[in-house]
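For reference, the chains in residue letters:
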Amino acid sequence: MRVPFALVALAATGLLATACTGQGEPERAAPDVGIQLFQLPWVSIADECEQNIGPAGFSWVLTSPPQEHIVGDEWWVSYQPVSHQIESRLGTRDEFADMVQRCGDAGVDVIADAVINHMTGQDAPGVGWAGSSYEHYSYPGSFEFDDFHHCGLTPYDDIVDYGSREQVQTCELVNLADLDTSAPAVRARLGAYLDDLLSLGVAGFRIDAAKHMAADDVAAIVGRLPEGTRILNEVIRGPLEPIQPEEYTGSGEVFEFSYARDLAPQFESGLFSDPDLSDERPMHVPADRAIVFVDNHDTERGEAGLTYRDGDLYLLANVLMLADDYGTPVVYSGYAFSDRDAGPPAESDGTVTDSTCGAASAGDLVTDGERTCVQTWPGIVGMLDWRAVVGDAPRMPGVSAGDAYGFERDGRGVVAVNVGDEEIVLEIPTALPSGDYCDVVAASACDGADITVADGVASVTVPPRAAVAAHLGSRVP
Ligand code: ARE
Ligand code: CA
């Protein structure tokens, strides 16, 4: 039998002593895998933690920015802070606190998206979501004109040239009022905001637009936070730019954009190549500093080669990422859209509509506004358990045949993907014990012969546009 989805989920929570093996269950180490829940309300994230994310074995969620923002329907209003009150269209302060508590009880940490480089980009005065009045360079009670950079280097003080470090860090990113993060008073007020979120129990922060703050400024702002506070710096790698992600590894981890850029083209060409298996991948931060992803909320609206729109192939890319031994993966879960600016489904007062995921599967067509619910896809859940079983076993050299590619994590698990239109049998050298294994990616029932290991070789039959994976715990008794 193939391990039914529910059993995989149970095994992941450790409730199931023996699923598909007569040898007793292998050791599992909870994998460090995150899930970005884009523009999902706090109440819904709490429900997701309890119903899907915790049981699947994700260790953290990355939320959208929680602070007060400008009023509008677009998703990106979240990135224009009006004040640092934790009141937004995604929920109230109490709802945020309750989410952190409930996720924690489900074994899931919360990482908040911290927008600290800038305030709003509105030239006209206005009133924010929670009622705070503001002008472009005046946020009563927090920041006034002199707390901002006014770079004087370009027309309207906007960043024009990413080749200029000074422009990138002291001019305005798309007109967003750029805080003078070198000033002690500014650092202190931003620090107070992060402290406030920590007091509600968050485990850490994504530092939005970190590239636009000098690495020393970021270090000063986050360096005083309690030890163990997790910092994920957003520094989009621009290969020819002067500011590189490596500058920020001293203050935390960094989103490594090279990873998805290298991964996606292989799915189009069917020509897979092994990454450099030493710790030194070119144009990549060291593995222990890297956050990797197939796409995120910016790249799915821009450069990403694979998104939810690619159905099966998108799942396959996530499978390979989750099987890899480089970096900490974060899976992305958003909503379908045609218009880049389109916000999430909302109530007439602007509050984002609550939404929890039922049983969805990869490749299901989602219409605009519908949530992709990637965290419930059986293949993703199966691969989280796979990752828990393989632990830190080294990644062995890959094997290709036609449009298929796969590799072993030494003695613990094998994985294969096929991006072509024909079934392929891939032979992967392995130290797994001989026997029959169930595939943990597919949602359907296992007939007991998905993968056969004999004489140190795993024979993996990979259907068209599918992924197959097996681990020590999916061996058929
Ligand atoms: C919106 C409107 C603008 C308007 C502005 C102010 O779209 O037209 O001028 O509001 O009123 C998000 C949206 C923006 C939105 C903004 C504020 O994407 O469209 O602007 O929120 O509401 C650079 C940065 C990188 C940044 C990307 C988007 O380096 O940090 O641009 N990513 C983060 C978030 C975004 C967010 C912001 C920052 C702002 O993830 O979602 O913007 O808080 C090369 C460079 C990159 C550069 C990239 C794009 O690749 O190497 O560094 O990324 O080009 O320019
Ligand atoms: Ca700046």
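Above: the structure in question.
Keep in mind the model is a prediction, meaning the values are calculated, not measured.

Colleague: An account of the site of ligand 1 is needed here, citing residue identities and associated values.
Modeller: The local shell around ligand 1 holds 22 residues, among which K211, H212, E234, E241 and D298 are the closest. In this structure, an oxygen atom belonging to ligand 1 sits 2.9 Å away from a side-chain N or O atom of R206. Take D208: an N or O atom from its side chain is 2.7 Å from an oxygen atom of ligand 1. Bound to the protein, ligand 1 loses 75% of the 950 Å² it would expose on its own. When each cavity is represented as a set of grid points, ligand 1 is found to reside in the largest pocket. The class makeup of the residues in the shell around ligand 1 is nine nonpolar, six polar and seven charged.

Colleague: Requested: an account of the sheet that holds strand β10 (residues 328–333), with residues and values cited.
Modeller: The parallel closed barrel is built from eight strands, whose spatial order is β1-β2-β3-β6-β7-β8-β9-β10. Taking the axes of each pair of neighbouring strands and ignoring which way they run, one obtains an average angle of 30 degrees across the sheet. In this structure, strand β1 (residues 34–37) lies alongside strand β2 (residues 60–62), joined through three bridges in parallel fashion. Note on β2: the bridge partner recorded for Q36 is L62.

Colleague: Please set out empty space enclosed by the protein residue by residue, giving values where relevant.
Modeller: For the structure shown, the criterion picks out four cavities of 30 Å³ or more. There is about 80 Å³ of room inside the largest cavity. What lines the largest cavity is Q36, L62, R206, E234, F255, F257, F293, D295, N296, H297, V330 and Y332. Broken down by class, the residue content of the lining of the largest cavity amounts to six nonpolar, three polar and three charged.

Colleague: Tell me about the layout of surface pockets, residues and numbers included.
Modeller: Put simply, the largest pocket is a space of about 750 Å³. Lining the largest pocket are 30 residues, with L173, V174, E234, D298 and R340 sitting closest to its centre. Looking at side-chain class alone, the lining of the largest pocket contains ten nonpolar, ten polar and ten charged residues.

Colleague: Explain the pairing of strand β13 (residues 413–418) to me, using residue names and the numbers behind them.
Modeller: Along β13, six of the six residues are buried, which leaves the element largely enclosed by surrounding structure. The alternating pattern of β13 places G413, V415 and V417 and V414, A416 and N418 on opposite faces, both of which are buried. As judged from the six bridges shared by strand β12 (residues 404–409) and β13, these two strands associate in the antiparallel manner. Directly across from A404, in β13, lies its bridge partner N418. In textbook terms, the turn of a hairpin is the stretch between consecutive antiparallel strands, and for β12 and β13 this stretch comprises three residues, one of which, G411, has a positive phi near 75 degrees. Two strands pair when backbone bridges link them, and β13 and strand β18 (residues 466–471) are joined in this way by six bridges, in the antiparallel orientation.

Colleague: Mind laying out the nonpolar core, listing which residues take part and the relevant values?
Modeller: One broad trend across soluble globular proteins is that nonpolar side chains are buried collectively. With 114 residues, the main nonpolar core has F96, F205 and F267 as its most contacted residues. It is helix α8 (residues 312–323) that provides the largest number of residues to this core, a total of ten residues. Shared between two domains, this core takes at least three residues from each, and those domains are domain 1 (1–29 + 393–477) and domain 2 (31–376). Beyond its immediate chain neighbours, meaning those up to four positions away, F96 contacts W42, P66, I86, V110, A112, L197, L200 and V202. Ranked by size, the runner-up nonpolar core spans 16 residues in total, among them A416, I428, Y437 and A470.

Colleague: Lay out the coordination of the calcium ion (ligand 2) in plain terms, naming residues and giving numbers.
Modeller: Ligation of the calcium ion (ligand 2) by protein atoms is provided by N117 (OD1), Q169 (O), D178 (OD), D178 (OD) and H212 (O), these donors lying 2.3 to 2.7 Å from the ion. Read N to C, the donor residues that coordinate the calcium ion (ligand 2) are spaced as N-x51-Q-x8-D-x33-H. Here the residue D178 occupies a position in the loop between α4 (165–170) and α5 (184–199), and H212 occupies one in the loop between β6 (204–207) and α6 (215–223), the gap between them amounting to 34 residues. The class for D178 is buried, based on a relative accessible area of 0%. A relative accessible area of 6% means that H212 is categorised as buried.

Cut-off values and rules
Residues numbered from 1 in each chain as written. Chains lettered and ligands numbered in written order. Predicted model: local features only at pLDDT ≥ 70, side-chain atom pairs only at ≥ 80, totals over all residues. Heavy atoms only, no water. Near = heavy atom within 4 Å. Polar contact = N/O pair within 3.5 Å; in protein donor to acceptor, adjacent residues only side chain to side chain. Areas by Shrake-Rupley, 256 points an atom, 1.4 Å probe, with all protein chains shown as cover. 1 Å grid on protein atoms, 1.4 Å probe; cavity = no way out; pocket = protein on both sides within 12 Å on 5 of 7 lines; lining within 4 Å. Sits in = over half its atoms within 2 Å of the grid points. Nonpolar A, V, L, I, M, F, W, Y, C, P; charged D, E, K, R; others polar. Pairing = 2+ DSSP bridges. Helix = DSSP H or I, 4+ residues; strand = E, 2+ residues; numbered from the N terminus. Axes fitted to C-alpha atoms, helices over the stretch in contact; angles between N-to-C directions. Points joined across faces, edges and corners; volume = space filled by probe spheres on them. Buried < 20%, exposed > 50% of the residue type's maximum accessible area, 1.4 Å probe, protein only. Core = buried A, V, L, I, M, F, W, Y, C linked by side-chain atoms within 4.5 Å. Domains from an automatic or database assignment. Contact = heavy atoms within 4.5 Å. Donors = N, O, S within 2.8 Å, 3.2 Å for Na, K, Ca; no water.

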